[in-house]
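Results of the structural survey
Below, each chain spelled out in residue letters.
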Amino acid sequence: MHKAVWSIDKRDTVALRYINMKNVEGIMSKLREGGFRSTKTRRVILDLFCNSKKPLSCRDIQKYLKQKSTSTNRTTVYREVALLKSEKIIEEFQLSDGVRRYEILLNHHHHTVCLKCREINCIELEQELNNQEMQIEKNNKFKIISHSLEFYGLCQKCQAVKK
Ligand SMILES: [Zn+2]
Ligand SMILES: [Zn+2]
Ligand SMILES: [Zn+2]
């Protein structure tokens, strides 16, 4: 078993949000250090993840690979995703629709989800919920380890469409 070769400090988050090709190279070289070969497919997938502002499904990845005329099958995509996940480069994000989506491992954040077209975007709260968490812990004698909070509604595009 390979050990995770990539860990991200919370302070790096702002930089990561605007991660560029150079960072893809950084991830690639970390993976190489961990004993993983560089492949064109992996590079294209990492490039996609690094530039995406929303979680991606395996289907999204396959679509993108096709656009980039990187021929690959579903098995390859699943294998790449599993590898990036086990190396802690991406993390899984699951909504109630049951579709597994993945995003580059950023700091803790939240999402808006369009109920109509399922568009998902990453957002940060102006104020995180630390105070509420403390209150919940106190009132319920419950030790909170993490929370997940998504906002459901209509994206701008779907708001514009008349029924
Ligand atoms: Zn929408
Ligand atoms: Zn996100
Ligand atoms: Zn939060």
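Description of the structure in this document.

What counts, and where the lines are drawn
- Residues numbered from 1 in each chain as written.
- Chains lettered and ligands numbered in written order.
- Predicted model: local features only at pLDDT ≥ 70, side-chain atom pairs only at ≥ 80, totals over all residues.
- Pairing = 2+ DSSP bridges.
- Helix = DSSP H or I, 4+ residues; strand = E, 2+ residues; numbered from the N terminus.
- Contact = placed C-beta atoms within 7 Å.
- Axes fitted to C-alpha atoms, helices over the stretch in contact; angles between N-to-C directions.
- Buried ≥ 20, exposed ≤ 12 C-beta atoms within 10 Å, placed from the backbone.
- Core = buried A, V, L, I, M, F, W, Y, C linked by C-beta atoms within 7 Å.
- Left-handed = near helix turned anticlockwise from the far one by under 90°.
- Nonpolar A, V, L, I, M, F, W, Y, C, P; charged D, E, K, R; others polar.

1. What about the sheet that holds strand 3 (residues 100-104)?
- An order of 1-3-2 is seen for the three strands of this open sheet, with the pairing classed as antiparallel. Each having just a single partner strand, strand 1 (56-57) and strand 2 (90-94) make up the two edges of the open sheet.
- When strand 1 meets strand 3, the two strands line up antiparallel, connected through two bridges. Residue pairing in the sheet places S57 in a bridge with R101 of strand 3.
- Running over the sheet, helix 3 (residues 40-51) touches strand 1, strand 2 and strand 3 and is turned about 80° from strand 3.

2. Describing unusual backbone geometry
- One non-glycine residue, R118, lies in the positive phi region at around 65°.
- As for its placement among the helices and strands, R118 is situated in the loop between strand 4 (110-114) and strand 5 (120-123).
- The class for R118 is partly exposed, based on 13 C-beta atoms found within 10 Å.
- Here the phi dihedral of K141 falls at roughly 45°; this positive angle occurs in a residue that is not glycine.
- Its location among the elements puts K141 in the loop between helix 6 (130-140) and strand 6 (150-153).

3. Quick notes on the nonpolar core
- I27, I45, L46, F49, I61, I89 and I90 are the most contacted members of the largest nonpolar core, which totals 17 residues.
- Listing elements by their share of this core, those giving two or more residues are helix 2 (21-33), helix 3, helix 4 (58-67), helix 5 (74-86) and strand 3.
- For this core, the leading source of residues is helix 3, giving four residues.
- Those residues in contact with I45 that lie beyond four places of it in its chain are I61 and E80.

4. Some details on the packing of helix 3 against helix 4
- Two elements in contact, helix 3 and helix 4, have axes separated by 10 Å at closest approach and are oriented at 115°. Taken as a pair, helix 3 and helix 4 cross one another with a handedness that is right-handed. Between helix 3, through T41, V44, I45 and L48, and helix 4, the contact on the second element is made entirely by I61, Y64 and L65.
- Of the residues belonging to the contact of helix 3 with helix 4, the class tally is six nonpolar, one polar and no charged.

5. Comments concerning the sheet that holds strand 4
- Here we have three strands laid out as an open sheet, ordered 5-4-6, and mixed in their pairing. Each end of this open sheet is capped by a strand with a single partner; those strands are strand 5 and strand 6. On average, each strand axis in the sheet is tilted by 20° relative to the strand beside it, whichever way the strands run.
- When strand 4 meets strand 5, the two strands line up antiparallel, connected through four bridges. Its bridge partner being in strand 5, H110 is matched across the sheet by I123.

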